[in-house]
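Tertiary structure, described
Spelled out, the chains give:
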Amino acid sequence: MFKIRPRQIAELVGIMSMGYVFTRKDLSSEDNLSSSIHSGRGRSMQPELNVTEKDTDIIIINHIPMQLSSFQVPERGKVAIIRSPSDPHKAVVKRIVATEHQKIIPRKDKLHHYTNDDPFVEDDPVTIPKGYCWVEGDNEKSSTDSNFYGPVPVALIQGYAEFVVYPRLKSISNTIPQSTRERIKP
């Protein structure tokens, strides 16, 4: 008997709902694809993206903006797939919450360190340098993000998460959580 796996369902839904042919892409590959399908791991993006023992959200990643020569500053609020600053062989899915020249106060409940071991000063805003952005998971209790490794180079952004195609079809919100918006300073 033929059994359809969740990934196959996601590919079919993606093709039918979008009118495009989406191809599975390994992030270690340097192929220039317009879109790919990615399954989440971990709980850092809950409630926007969900990973449970029964189901894992399968999302469509749009790679086109990163391939345009005019792409320089990522869009705040977008959920992006990013090469992990701490392990370049892995990808993480996080929300872009601040872009270059903006200021953000890191979360107080995290152990704050830059990768060069310069600690964040509590309640002191971090100014995002040119060519960098600040990324966070929506689930602040379960996210290793810029609060740990500091601003992220824009070059690590692989694409934007646009749609969940499994287990239910939905677009991904670009809304930054209120608790995060309160920490972004003019």
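Residues numbered from 1 in each chain as written. Predicted model: local features only at pLDDT ≥ 70, side-chain atom pairs only at ≥ 80, totals over all residues. Heavy atoms only, no water.

Observations concerning the overall build of the chain
As a reminder of what qualifies: Numbering of helices and strands starts at the N terminus; helices are DSSP runs of H or I of at least 4 residues and strands are runs of E of at least 2. Type-normalised accessible area, obtained with a 1.4 Å probe on protein chains alone, sets the label of each residue: buried when under 20%, exposed when over 50%, and partly exposed for intermediate values. Residues count as neighbours in contact if any of their non-hydrogen atoms are within 4.5 Å of one another. Methods summary: accessible areas were calculated by the Shrake-Rupley approach with a probe of 1.4 Å, and residue burial reflects only the protein chains presented.
Assigned secondary structure in the chain consists of 4 helices and 11 strands. Each of the 186 residues in the chain was classed as buried or not, and the buried ones make up 45%. Here the analysis covers contacts within the chain between residues at least 6 apart in sequence; of these, 65% occur between residues at least 24 apart. Surface summary for the chain: the accessible area is close to 10400 Å², and the carbon and sulfur share equals 52%.

A closer look at the sheet that holds strand E5 (residues 103-104)
Note the following rule: A pair of strands is labelled paired if DSSP reports no fewer than 2 bridges between them.
The strand order across the open sheet built from 3 strands is E6-E5-E11, with neighbouring strands paired in antiparallel fashion. Each edge of the open sheet carries a strand with a single partner, namely strand E6 (126-127) and strand E11 (184-185). Bridge count for E5 against E11 is 2 bridges, and the pairing is antiparallel. The partner of Ile104 across the bridge, within E11, is Ile184.

A word on the packing of aromatic side chains
Keep this limit in mind: By convention, a stacked pair of Phe, Tyr or Trp rings (six-membered ring in the case of Trp) has centres within 6.5 Å and planes under 30 degrees apart, an edge-to-face pair has planes over 60 apart, and any other such pair is tilted.
Enumeration over the complete set of coordinates arrives at 1 aromatic pair. Relative to Tyr149, the ring of Phe148 lies with its centre 6.5 Å away and its plane at 80°, an arrangement referred to as edge-to-face. Since its relative accessible area comes to 39%, Phe148 is described here as partly exposed. Look at Tyr149 and you get buried, because its relative accessible area is 4%.

Some words on the confidence of the model for the chain
The predicted structure's coordinates, where accompanied by low pLDDT, should not be read in detail. To keep it simple, the criterion reads: Per-residue confidence from the predictor is reported as pLDDT, which spans 0 to 100.
In this model, the chain carries an average pLDDT of 76, and 69% of its residues clear a pLDDT of 70 or more. Highest mean pLDDT in the chain belongs to strand E7 (residues 132-136) (96); lowest belongs to helix H1 (residues 6-18) (51). Between residues 15-30, whose pLDDT stays under 50, and residues either more than four places distant or in other chains, the model counts 32 contacts. Below a pLDDT of 50 lies the segment residues 111-117, which in the model reaches 20 contacts outside its immediate sequence neighbourhood of four places, other chains included.

Describing the environment of Gly137
The topology assignment puts Gly137 in the loop between E7 and helix H3 (146-149). Residue Gly137 is classed as buried on the basis of its relative accessible area, which comes to 2%. A sequence separation of 42 residues divides Gly137 from Arg95, and the C-alpha atoms of the two residues are 6.0 Å apart.

Comments concerning unusual backbone geometry
Residue Pro167 is reached from Tyr166 by a cis peptide bond, and omega for that bond is 10°. Non-glycine residue His101 carries a positive phi angle of around 75°. With a relative accessible area of 56%, His101 lands in the exposed category.

Considerations on the nonpolar core
This is how the line gets drawn: In this description, a nonpolar core means a group of buried Ala, Val, Leu, Ile, Met, Phe, Trp, Tyr and Cys residues linked to one another through side-chain atoms lying within 4.5 Å.
The biggest cluster of nonpolar side chains holds 11 residues, and these are Ala80, Ile82, Val92, Ile96, Cys133, Val135, Tyr149, Val152, Val154, Ile157 and Tyr160. Elements with a minimum of two residues in this core: strand E3 (79-83), strand E4 (91-99), E7 and strand E9 (157-166). With residues up to four places along the chain from it excluded, the contact list for Cys133 reads Pro74, Ile96, Ala98, Thr99, Ile128, Ser146, Pro151, Val152, Val154 and Ile157.

Some remarks on the pattern of salt bridges
Any two side chains of opposite charge can pair, so long as their charged atoms come close to each other. Quick note on the threshold: Criterion for a salt bridge: a side-chain nitrogen of Lys or Arg within 4 Å of a carboxyl oxygen of Asp or Glu.
Enumeration according to the criterion identifies 10 salt bridges in this entry. In this structure, Glu140 engages Arg107 in a salt bridge whose closest nitrogen and oxygen atoms are separated by 4.0 Å. Residue Glu140 is located in the loop between E7 and H3, and its partner Arg107 is located in the loop between E5 and E6; the two are separated by 33 residues in the primary sequence. Under the relative-accessibility criterion, Glu140 is labelled partly exposed at 27%. Residue classification places Arg107 among the buried residues on the basis of a relative accessible area of 3%. Taken together, the shared-partner salt bridges in this structure form one network comprising Arg107, Glu136, Glu140, Asp145 and Arg183.

Here's the deal with the side chain of Asp138
Take Asp138: it is sitting in the loop between E7 and H3. Residue Asp138 is classed as buried on the basis of its relative accessible area of 15%. In this structure Asp138 touches Ser44, Met45, Gln46, Glu48, Arg95 and Pro177, once residues within four positions along its chain are discounted.

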